[in-house]
Amino acid sequence: MRVLFVAAEAAPYVKTGGLADVAGALPAALRAAGHDVRVVMPRYRALRERGVPMTGPVAAGFLPLGDRAEELRVWRGVDDTALLFLDIPAAFERGQVYGEPDDHRRFILFARGVLDTMQYLREVEGWNPDLVHAHDWHAALVINYMKTRHAYTFGHVATVFTIHNLAYQGQVAPEVLGLTGLGEYGLVENGMGPGIGGTFNCMARGILHADVVTTVSPTYAQEIRTAEFGERLDGLLRHRGSRVVGILNGIDTTLYDPATDRHLVAPYTADDVSGKAACKAALQAECGLTVDADRPLLGVVSRLVQQKGFDLLHGALPWLMEQTNAQLVLLGTGQQDLEDAFRYVGARFPDRCAIRIGFDAAFAQRIYAGSDAFVMPSRFEPCGLGQLIALRYGSVPIVRATGGLADTVREGFDGNGFRFHPFEVAHLRDAIARALTTYRARESWEILRTRGMREDHSWTRAAEEYGRVYAFARGLRTA
Ligand code: ADP
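Residues numbered from 1 in each chain as written. Predicted model: local features only at pLDDT ≥ 70, side-chain atom pairs only at ≥ 80, totals over all residues. Heavy atoms only, no water.

Q: Sorry, what's going on with the domain arrangement of the chain here?
A: Quoted interface sizes are often the accessible area lost when the parts come together. When cut into domains, the chain gives domain 1 (2-250 + 460-478) and domain 2 (274-456). Look at where the C-alpha atoms of domain 1 and domain 2 centre, and you get two points 33 Å apart. Contact residues are listed per partner, giving 19 residues for domain 1 and 16 residues for domain 2. Between domain 1 and domain 2 lies a buried interface of about 1300 Å² when both sides are counted; carbon and sulfur atoms form 60% of it. (Domains from an automatic or database assignment. Contact = heavy atoms within 4.5 Å. Buried area = accessible area lost by both parts, 1.4 Å probe.)

Dropping the structure here:
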């Protein structure tokens, strides 16, 4: 099947979170399964500045918007020729990937640019997709356009919309957008009024118009139908019924492989884990912690935001520091209050707690490799990649059983980690305590660790499931 993938970020080009990992790896797995996949993403200023090799422009034009027309150029990747970069200076010559005050306008332009690119691919390259797979709110309007403004040309093309995180919906008050301007944006009304609760909501439009809506774990697919997790779109999601399905993410097992990871001082595998001890000692030394093979070392690599639940871990730290001999290495960035709270603990216990505020992919790898256990106390977690990477690197996950964490981490007989459910400090503390007890029983710990390392979280399995969803969506359009 010919599939056009649309995403606002893709590793290794631009990454702010898990979406980039998915958009970077799933296309290759789909190709291996026989699909012809092309990917479209924005050409951010950072890509130009880093000199990411591109050829082109292969196409150029203008996106008329009100009394202005914004430039559009399409570039083709060199390392990956199936990758197209949309160069819309008005939208992407910016410092940030997201978080600009006019994000909605930027991604409306992006969606318009994607439709023009589809036209170019069809007319010039003779490539017409059977299916468009759009990811998260930034790409949702592509599907909206295909079912409305561009129905005549692309209405027959099947559409799949994937929710990576329902918390980010691309909402904007109609006044900001200039609702009279909806026509100007080419976004005709769609029976929902301007959107949910009087706002213009990109994600809601994706959910409404897509042939199939997927999200990144079976448990999250159920959770988002409830008011607790539904972020005010639970009614709409229930309305879509069985068209909303959960497919667990994989990880890039070539990129995340302790046997070949060049960031590690010593490679290791599930069959020979001896190199992991060297990684742990190196991490302790790098972070100024006491170098001690017997002390359990907890790792954290995460955005420090409300969703990730690190207020719980912060609450458990007095106990962890006073009642146990565990060490902590935390790498994260996000909310100021959480960053400050953890910095304070790091300054107080410098040989026990290493707190690094920032985003550092190489250091992240050394944490996965050097830590004994990996903590993810998320309030909610659509899928979570951290625990999957941790499993592969033999860092035993300690997680809150929600969303994808509940689908991938098991505790007990035949388990691969530790889990708790009530969102309370005491429950996280108990889960860590159970992990530390097992850690002292060396042999049990090693069995648990190796079991996790041997699990298959590759994209191959996920690609098979997406293939089935694509076939189903395609069937709806051709029936
Ligand atoms: P989310 O997409 O919600 O941030 P995921 O667990 O799905 O959470 O994916 C997070 C990804 O980003 C993982 O690959 C993780 O290692 C990486 N990551 C998160 N924070 C950092 C950081 N500060 N430095 C380096 N990598 C990070």
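On we go from here.
Q: Before we go on, may I ask you to explain the site of the ligand in this structure?
A: Taken together, 21 residues surround the ligand, and among them Gly 18, Arg 303, Lys 308, Gly 358 and Tyr 368 come closest. Take Tyr 368: an N or O atom from its side chain is 2.6 Å from an oxygen atom of the ligand. With the chains in place, 92% of the 560 Å² that the ligand exposes on its own is no longer accessible. For the shell around the ligand, the elements supplying multiple residues, two or more each, are α1 (18-32), β12 (297-304), β13 (327-334), α14 (361-370) and α15 (386-392). Here the shell around the ligand is built from residues that sort into nine nonpolar, seven polar and five charged. Counting contributing residues, the shell around the ligand receives three or more from each of domain 1 (2-250 + 460-478) and domain 2 (274-456). (Near = heavy atom within 4 Å. Polar contact = N/O pair within 3.5 Å; in protein donor to acceptor, adjacent residues only side chain to side chain. Areas by Shrake-Rupley, 256 points an atom, 1.4 Å probe, with all protein chains shown as cover. Helix = DSSP H or I, 4+ residues; strand = E, 2+ residues; numbered from the N terminus. Nonpolar A, V, L, I, M, F, W, Y, C, P; charged D, E, K, R; others polar.)

Q: For this particular structure, what's the right way to read the packing of helix α12 (residues 310-323) against helix α17 (residues 425-440)?
A: Running from N to C, α12 and α17 point in directions that differ by 55°, and their axes come no closer than 9 Å. By the angle between their directions, the pair α12 and α17 is classed as oblique. Of the two possible hands of crossing, α12 and α17 adopt the one that is right-handed. On α17, the residues that touch Leu 312, Leu 313, Gly 315, Ala 316, Trp 319 and Leu 320 of α12 are Val 425, Leu 428, Arg 429, Ile 432 and Ala 433. Residue composition of the contact of α12 with α17, by class: nine nonpolar, one polar and one charged. (Axes fitted to C-alpha atoms, helices over the stretch in contact; angles between N-to-C directions. Parallel < 35°, antiparallel > 145°, perpendicular 65-115°, else oblique. Left-handed = near helix turned anticlockwise from the far one by under 90°.)

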